[in-house]
Amino acid sequence: MTSPSHPDIPPIYLNNAATTWPKPAEVLEEVAACLRNPVHEAGRTTGSGSTDYPSATRDALTAFFRAERPEHFVFTQNATDALNLLIHGFTKKAGTPYHAITTELDHNSVLRPLRSLEGEGRLNLSILPFEDGHVSLHEIKKAIRADTRLVVMTHGSNVLGTLQDVRPVAEYCVSNDIFLVIDGAQTAGQIPVSLSEIPAGAFVFTGHKALFGIPGIGGFYIQEPEAVASTRQGGTGSDSRLISHPQDMPHKFEAGTLNYPGIASLLAGTRYIEREGQDAITNKLRSLTSDFIGKLGRDPDIVIYHETPDLPVVSFNIRNLDNDEAGFILARAYHVITRTGLHCAPLVHEKLDGGRGCIRASFSYLNTREQIETAAAAIREVAAGANR
Ligand SMILES: Cc1ncc(COP(=O)(O)O)c(C=O)c1O
């Protein structure tokens, strides 16, 4: 790909926390192979010879996330879709109004479904503050009430790049009969995630970010399907005599034709990560991120909001320059693609920058050190220009 304003110059793409680009060649090839061959899905088609992508990918995800039951992986359009299914489905099952907890670090894909249900009188919501990019178990315990039934929290902040220590939260929730939903949109593929060690009610992932799939695929792993009602009904290719929706997994939460090319991309993406090695990926990303911060951090005209992120996400502002304008200059004059604004996490920004928003550079395993250094030099040049 080349830059729109300079067709000969390839862009330095640093918006990987939104969606990764480029995708590994084998992901694109698997998508093409999926579309080239007739669809084959156990229970739905009589085809054979081509890959049964839903089954193969559920098996691959089970190994990848060290989970137990392939049929407890549910495919959705993305993380937002998964969070909507879980939050609305849990509330439908709960029946009576209850108390739910989330955090200021969370994304609008968590805040908006919860706020919407609060507006309908279906739940009371507590939004817990963060300190230095973290929400502690202590803070969660303080907020618990007799009627607390649901906690939804991000595993990794898409603005600060901080990781939440979800394992003790999951253990606490399990022993207090609280359903915990972890939003792993920023962690799946980025760091090793072992669901056998995190007893959460459900773990949400998205396909198109660090798992290297294409847009339009995501999902969740659910430990306790009984805790959540299905909110979608339709064809599943099973129990077709019944006009009530089947309750077996994964059909309980999947209705209609699946996104086969998206599922194929997820299969190839997880294989790619396993071949390269999750630890090698995580280590390279940590090294690129600290290199980038090292290059920017000494500049008095650049304010970095969290200088020790666990994830490859660096949010910053340039003194005396609007973040949207800075992003525009970086893209047009230097071919460096970042993301600017509120990053769908408005409550983080209220605390961080008074709701002004910031520039976010986020890296992928496929970025090179040279790209990171060129981008850092470009940002410093823009900062110098704005503060002359
Ligand atoms: C923390 C977090 N949660 C949820 C989402 C939503 O992901 P998707 O676009 O796949 O629905 C994002 C995406 O930006 C995110 O960063």
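For the structure, check the block above.
Before going into details, it helps to say that this report is about the structure given with it. (Residues numbered from 1 in each chain as written. Predicted model: local features only at pLDDT ≥ 70, side-chain atom pairs only at ≥ 80, totals over all residues.)

Let us look at the overall build of the protein. Within the protein, the regular secondary structure consists of 11 helices and 13 strands. Expected size for 388 residues packed as a compact globule is a radius of gyration near 21 Å; at 21 Å, the protein falls within 12% of this value. Judged by the C-alpha coordinates and their principal axes, the protein covers about 75 × 55 × 35 Å. Within the protein, the fraction of its 388 residues that count as buried is 48%. Sequence-distant contacts, at least 24 apart, represent 69% of the contacts inside the protein between residues at least 6 apart. (Helix = DSSP H or I, 4+ residues; strand = E, 2+ residues; numbered from the N terminus. Rg over C-alpha atoms; globule rule 2.2 N^0.38 Å. Buried ≥ 20, exposed ≤ 12 C-beta atoms within 10 Å, placed from the backbone. Contact = placed C-beta atoms within 7 Å.)

Taken together, 14 residues surround the ligand, and among them N78, T80, N158, A185 and T206 come closest. Each residue belonging to the shell around the ligand can be placed in one class, and the counts come to 4 nonpolar, 9 polar and 1 charged. (Near = placed C-beta within 6 Å. Nonpolar A, V, L, I, M, F, W, Y, C, P; charged D, E, K, R; others polar.)

So, about the nonpolar core. For soluble globular proteins, nonpolar side chains are generally found buried alongside one another. The biggest cluster of nonpolar side chains holds 108 residues, and the ones touching the most others in it are L86, L180 and V204. With 8 residues, the single largest contributor to this core is helix α7 (residues 260-276). When residues of this core are assigned to domains, at least three fall in each of domain 1 (12-23 + 277-386) and domain 2 (25-276). Setting aside chain neighbours within four positions, we find V204 in contact with A79, A82, L83, V181, I182, D183, G184, A185 and F220. (Core = buried A, V, L, I, M, F, W, Y, C linked by C-beta atoms within 7 Å. Domains from an automatic or database assignment.)

What follows covers the sheet that holds strand β5 (residues 148-154). Spatially, the 7 strands line up as an open sheet ordered β2-β8-β7-β6-β5-β3-β4, and their pairing is mixed. Every other strand in the sheet has two partners, leaving β2 (73-76) and β4 (123-128) as the edge strands with one partner each. Across the sheet, the mean angle from the axis of one strand to that of its neighbour is 20 degrees, orientation sign disregarded. (Pairing = 2+ DSSP bridges. Axes fitted to C-alpha atoms, helices over the stretch in contact; angles between N-to-C directions.)

Attention shifts here to the sheet that holds strand β13 (residues 358-362). Spatially, the 4 strands line up as an open sheet ordered β9-β10-β13-β12, and their pairing is antiparallel. Each edge of the sheet is formed by a strand with only one pairing partner; in this case those strands are β9 (302-304) and β12 (339-341). Ignoring which end each strand starts from, the neighbouring axes of this sheet average 30 degrees apart. Helix α11 (residues 369-386) rests against β9, β10 (313-318) and β13 of the sheet, and its axis sits at about 20 degrees to β10.

What follows covers the packing of helix α1 (residues 25-36) against α7. Interaxial distance between α1 and α7 falls to 8 Å at its minimum, and their mutual angle equals 145 degrees. The element α1 and its partner α7 pack so that their crossing is right-handed. Across from E26, V27, E30, V31, C34 and L35 in α1, the residues of α7 making contact are Y260, P261, A264, S265, L267, A268, G269 and Y272. (Left-handed = near helix turned anticlockwise from the far one by under 90°.)

Below, the discussion takes up the environment of S136. With respect to the helices and strands, the residue S136 is situated in the loop between β4 and α5 (137-143). Each C-alpha atom of the pair S136 and D165 lies 7.9 Å from the other, and the pair is 29 residues apart in sequence.

Quick look at unusual backbone geometry now. A cis amide bond links W21 with the next residue in sequence, P22, at an omega value of -5 degrees. Tracing the sequence through the fold places P22 in the loop between β1 (12-13) and α1. A cis amide bond links M249 to the next residue, P250, at an omega of 0 degrees. Here P250 is to be found in the loop between β8 (218-222) and α7. Here the phi dihedral of D177 falls at roughly 55 degrees; this positive angle occurs in a residue that is not glycine. With a phi angle near 55 degrees, H343 is a residue other than glycine that sits in the positive phi range. Checked against the element boundaries, H343 lands in the loop between β12 and α10 (346-353).

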